[in-house]
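The lines below spell out each chain.
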Amino acid sequence: MVVELKKCSHKFHILCLQALYATSSKNGCIQCPTCKAIHGVKVGNQPLNGRMAVSKMGWQLPGFPGCRTIQIQYDFHGGIQGPEHPEPGKPYSAHGFPRTCYLPDNKEGDKVLQLLRVAWERRLIFTIGSSVTTGQRNTVVWNEIHHKTEATGNAGGHGYPDPNYISNVLAELAAQGVEDDETL
């Protein structure tokens, strides 16, 4: 029997889809092998002891005149890895927290913020792994959704101005299955 995936309309044998799911991370979704579209609700393994706080700042980000700034602060503490983590039962650390990130307080920034809240609830923003910066293993690290952690200066790619950031982060969120229709 052949079935069609609703979101992307690609067709597969049902046994092939069952085998795909059986060998996947069993995170609540199937990712189309042809176009990578997420079918279902993808859930990550971000530690549960974190906090996401949002506030509005009275200053402007470079490249976004006339609007204030959205500040997001993420905070985690070390703990013990659960069954969904790379090394269940072993400790993990949370170095470099809290982490502060910035968005423009405009229509596009608010859209990104709402999608980041969905990604947070689905445990997709952070994971436990090896830090690219320090090389430390078993620590809380970013998980493929880039954030701007510097309000000014973009020499390292972590700040503003960056005219492509909003479209890039929207694409990264969509790759994780978090899309525009989630916030309606």
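Trainee: Which residues make up the layout of surface pockets, and what values do they have?
Mentor: Computed from the structure, the largest pocket encloses a volume of approximately 560 Å³. Lining the largest pocket are 19 residues, with Arg99, Ser131, Thr133, Val141 and Trp142 sitting closest to its centre. Of the residues in the lining of the largest pocket, the class split is 5 nonpolar, 12 polar and 2 charged.

Trainee: So what about the environment of Lys42? Which residues, and what values?
Mentor: Here Lys42 shows up in the loop between β4 (38-40) and β5 (51-57). Judged by its relative accessible area of 17%, Lys42 falls in the buried class. Taking the C-alpha atoms as reference points, Lys42 and Ser55, separated by 13 residues in sequence, lie 27 Å from one another. Contacts of Lys42, omitting those with residues within four sequence positions, involve Asn27, Cys29, Arg122, Leu124 and Gln176. Within the structure, Lys42 has its side chain in polar contact with the side chain of Gln176 (distance 2.9 Å).

Analysis parameters
- Sequence order as written defines residue numbering, which begins from 1 separately in each chain.
- In view of the model being predicted, local features appear only for residues whose pLDDT reaches at least 70, and side-chain atom pairs are presented and counted only at 80 or more, with totals across whole chains, interfaces and linings using the full set of residues.
- With hydrogens and water stripped out, all remaining heavy atoms of the structure feed into the side-chain values.
- Cavity and pocket criteria rest on a 1 Å grid covering protein atoms alone: a 1.4 Å probe that fits but cannot get out defines a cavity, protein on both sides within 12 Å along at least 5 of 7 lines defines an open pocket, and an atom within 4 Å of a point defines a lining residue.
- Grid points are joined across faces, edges and corners, and a volume is the space filled by probe spheres set on the points.
- Gly is put with the polar residues, along with every residue not named as nonpolar or charged; the nonpolar set is Ala, Val, Leu, Ile, Met, Phe, Trp, Tyr, Cys and Pro, and the charged set is Asp, Glu, Lys and Arg.
- Each helix is a run of H or I in the DSSP string that is no shorter than four residues. Each strand is a run of E no shorter than two, and both are numbered from the N terminus.
- Buried means the residue's accessible area, taken with a 1.4 Å probe over protein chains only, is under 20% of the maximum for its type, while exposed means over 50%, and partly exposed covers the values in between.
- Contacts are assigned to residue pairs that have any heavy atoms within 4.5 Å of one another.
- What qualifies as a polar contact is a pair of N or O atoms within 3.5 Å, subject to a donor-acceptor requirement within protein and to the restriction that residues adjacent in sequence count only when both atoms come from side chains.

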